[in-house]
Amino acid sequence: MKTILTTGSNGLLGQKITEKVLAEGRVRLVATSRGFNRYPVSHGYEYAEMDILDVAQVRSVIERYQPDAIIHTAAMTNVDTAEASKESCYELNVSAVQTLLSLCEEKNIQLIHLSTDFVFDGANGPYKEEYAVNPVSYYGKSKVLAEELLKTSTANWAILRTILVYGITNDMSRSNIVLWAKGALEKGQPINVVNDQWRMPTLAEDLAEACLLAVEKNAQGIYHVSGKDYMSIADLVRKVADYWSLNKSIISEISSESLNQTAKRPVKTGFVLDKTIKDLDYKPHSFDEGLKMVDEQMKSRQ
């Protein structure tokens, strides 16, 4: 049985990987994150505090547990924060990757690295893995720089790019577009939603499964991982309203330009999933199926 170490285990994806391993027992798991463990179950896996910016601590933890693979989920993912705090973004999204890569090369560890659709400019999505990258934000640029480090590395690596991940954590500590839209509409708060950006939202459980499949199948290279439904952000929010029977009349469609966000967003991303489905046996849920799973998980926590 392989030993997998996850970074960022307190995040949405990190918690879903823990959940999946506990339910299915496919690997031995070492979950790591900054600070205390937020996952409600503490047995069936090991947890170690690890700040990915602390090189000595990262080496110490990896040498203690000797993983066969590292799934690197920790990153700065807020696009506007990344634009405003480029130095911090570089440390988290590039320097930390170099630290992990060096250790993976030294100790023959497989590295599964999470990347993003924001490496593309959004001019001609949906994208295949081999299409040229051209980020329009510093967040996207930082992810391209990290990808370049992997591509020139001698380590055994795979990059999983993903899009707009949604889902629910046990302590409800992580928001995302689905939970934000549902929460605002339930309170009757009018919301502005862009109608000129298109995405393929990704259920966190699907992404967690793709990460584990990449380890099990010793995946190498770049893979695109998302949901299978292509929609505008406005359509996404309307689907959320429809699923929970919420008032759609308080949803206002606006252009991206009118939001005055710090960072530019790509217009149309989306992925061609053929390679991931074929090579990894990836089976993404539909957006409706994903909303149903989120709804069932919410009800089970009440």
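Provided above is the structure to which this section pertains.
Residues numbered from 1 in each chain as written. Predicted model: local features only at pLDDT ≥ 70, side-chain atom pairs only at ≥ 80, totals over all residues. Heavy atoms only, no water.

Peer 1: So what's going on with the side chain of K16? Residues and values would help.
Peer 2: With respect to the element layout, K16 can be found in helix α1 (residues 12–24). With near-sequence residues (within four places) excluded, K16 lies in contact with I168, A204, E205, A208 and Q297. (Helix = DSSP H or I, 4+ residues; strand = E, 2+ residues; numbered from the N terminus. Contact = heavy atoms within 4.5 Å.)

Peer 1: Describe the packing of aromatic side chains, listing the residues and the values that go with them.
Peer 2: Taken as a whole, this structure holds 6 aromatic pairs when the rule is applied. Residues F120 and Y127 carry aromatic rings whose centres are separated by 4.0 Å and whose planes lie at 10° to one another, so their mutual orientation is stacked. Residue class for Y127 comes out buried when judged on its relative accessible area of 1%. With a centroid separation of 6.1 Å and an interplanar angle of 80°, the aromatic rings of Y127 and Y131 are classed as edge-to-face. Aromatic ring contacts, followed pair by pair, group F120, Y127 and Y131 into a single cluster. Seen from the ring of W244, K182 lies directly overhead, with NZ or CZ sitting 5.2 Å from the centre. For K268, the ring lying beneath its charged end belongs to W198, and the centroid distance is 4.5 Å. (Phe/Tyr/Trp six-rings, centres within 6.5 Å; stacked < 30°, edge-to-face > 60°. Buried < 20%, exposed > 50% of the residue type's maximum accessible area, 1.4 Å probe, protein only. Lys NZ or Arg CZ within 6 Å of the ring centre and 35° of its normal.)

Peer 1: How would you summarise the layout of surface pockets if you had to cite specific residues and measurements?
Peer 2: Its volume calculated, the second largest pocket comes out at about 150 Å³. D121, V136, D196, Q197, S256, E257, N260, Q261, A263, K264, R265 and V267 are the residues that line the second largest pocket. Tallied by class, residues from the lining of the second largest pocket come to 3 nonpolar, 4 polar and 5 charged. (1 Å grid on protein atoms, 1.4 Å probe; cavity = no way out; pocket = protein on both sides within 12 Å on 5 of 7 lines; lining within 4 Å. Points joined across faces, edges and corners; volume = space filled by probe spheres on them. Nonpolar A, V, L, I, M, F, W, Y, C, P; charged D, E, K, R; others polar.)

Peer 1: Can you tell me about the sheet that holds strand β6 (residues 157–162), naming the residues and giving the values?
Peer 2: What the 7 strands build is an open sheet, ordered β3-β2-β1-β4-β5-β6-β11; its pairing is parallel. Two strands in the sheet have a free side with no partner beyond their single neighbour: β3 (46–49) and β11 (221–225). This sheet shows a mean twist of 20° between the axes of neighbouring strands, independent of strand direction. Sheet analysis places strand β5 (residues 110–116) next to β6, joined by 6 bridges and oriented parallel. Looking across to β6, one finds that S115 is bridged to R161. Docked against the sheet, helix α2 (residues 55–65) engages β1 (3–7), β2 (28–33), β3 and β4 (69–72), running at close to 160° with respect to β3. (Pairing = 2+ DSSP bridges. Axes fitted to C-alpha atoms, helices over the stretch in contact; angles between N-to-C directions.)

Peer 1: Tell me what's going on with the pattern of salt bridges, and back it up with residues and numbers.
Peer 2: Inspection of every chain in the model, using the stated rule, returns 25 salt bridges. The partner of K248 in a salt bridge is D242, and the shortest N-O contact between them spans 2.8 Å. With a relative accessible area of 36%, K248 lands in the partly exposed category. Salt bridges linked by common partners bring K20, E24, R26, E209 and E216 together as one network. (Salt bridge = Lys/Arg side-chain N within 4 Å of Asp/Glu carboxyl O.)

It is worth stressing that arrangement in space is one thing and function is another; only the former is reported here.
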